[in-house]
Amino acid sequence: MDVNDLLTEAYGRLPHLVESAVAGLSPQQLRQAPAAGANPVGWLVWHLTRIQDHHVADLLGEEQLWVTGDWARRFGLTPDPRDTGFGHGPEQITAVRPESGQVLVDYHRAVLDRTLAFLRGLGPDDLDRVVDPSWDPPVTLGVRLMSVLADDLQHAGQAGYVRGLIERG
């Protein structure tokens, strides 16, 4: 298996996790935190998708889908390209109001489709390219892609767990 196939396989596992976390939940349940200060399912899935959209758009040198599409309105937000959920406090978390589970799935699918197209076009040497020299050691494309994937998988797992708490009431 080459690295493109490996990355495509890994990122390709996310849709099932996203879909199973949000399927059948009402907008109210998507915004329901399991405890004070905890993140709701909708916010977790929104955030993991925003991080992928933000980082991959930067790698491509393109605008984020969040900015170019109608996504922000469907979450009750403005299309601020810096708003990824990183550093959100309680008020910002509750401001993320997905209109449905389907909008979370659709936004994730749109972002993932662009990510997968990007991954298919990479060569082995591309992964060694430095994309952020401000870190020590500098961050390569390969490291950035793994960082996004790890963050996405972590938050998808959290969303699934929170969903289970909601279902148990």
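For the structure, check the block above.
Conventions we followed
Residues numbered from 1 in each chain as written. Predicted model: local features only at pLDDT ≥ 70, side-chain atom pairs only at ≥ 80, totals over all residues. Heavy atoms only, no water. Helix = DSSP H or I, 4+ residues; strand = E, 2+ residues; numbered from the N terminus. Rg over C-alpha atoms; globule rule 2.2 N^0.38 Å. Buried < 20%, exposed > 50% of the residue type's maximum accessible area, 1.4 Å probe, protein only. Contact = heavy atoms within 4.5 Å. Areas by Shrake-Rupley, 256 points an atom, 1.4 Å probe, with all protein chains shown as cover. Salt bridge = Lys/Arg side-chain N within 4 Å of Asp/Glu carboxyl O. Core = buried A, V, L, I, M, F, W, Y, C linked by side-chain atoms within 4.5 Å. 1 Å grid on protein atoms, 1.4 Å probe; cavity = no way out; pocket = protein on both sides within 12 Å on 5 of 7 lines; lining within 4 Å. Points joined across faces, edges and corners; volume = space filled by probe spheres on them.

1. Focus: the overall build of the protein
Counting its regular elements, the protein contains nine helices and two strands. In summary, the protein has a C-alpha radius of gyration of 16 Å against a globular reference of 15 Å for 169 residues, a match within 12%. Overall size of the protein, expressed as C-alpha extent along the three principal axes, is 50 × 30 × 30 Å. Per-residue burial for the protein yields a buried fraction of 45% across its 169 residues. Across the protein, the fraction of contacts at a sequence separation of at least 24, relative to all contacts at a separation of at least 6, is 69%. Approximately 8,800 Å² of the protein is accessible, and the part contributed by carbon and sulfur atoms is 54%.

2. Digging into the pattern of salt bridges
According to the stated counting rule, one finds 10 salt bridges in the structure shown. A salt bridge links aspartate 70 to arginine 73; its shortest N-O distance comes to 2.6 Å. With a relative accessible area of 41%, aspartate 70 lands in the partly exposed category. Glutamate 99 serves as the salt-bridge partner of arginine 74, at 2.7 Å between the closest nitrogen and oxygen. Note that arginine 74 is positioned in helix H6 (residues 71-74) and glutamate 99 in the loop between helix H7 (90-95) and helix H8 (101-120), a separation of 25 residues in sequence. Exposure remark for arginine 74: the relative accessible area of 21% places this residue in the partly exposed category. Taken together, the shared-partner salt bridges connect Arg50, Asp53, Glu62 and Arg114 into one network.

3. A short note on the nonpolar core
Counting 28 residues, the largest nonpolar core has Val22, Val41, Trp46, Trp66 and Phe75 as its most contacted members. When residues no more than four places from it in sequence are discounted, the contact partners of phenylalanine 75 are Trp46, Trp66, Ala95, Val96, Arg97, Pro98, Val103, Leu104 and Tyr107. Membership of the second largest hydrophobic core comes to 16 residues, among which are Leu7, Ala10, Leu119 and Leu127.

4. A short note on the layout of surface pockets
Considering only enclosed or pocket space, the largest pocket measures out at about 160 Å³ in volume. Trp43, His47, Ile51, Gly85, Phe86, Gly87, His88 and Asp151 are the residues that line the largest pocket. The greatest single-element share of the lining of the largest pocket, amounting to three residues, is contributed by helix H4 (residues 41-60).

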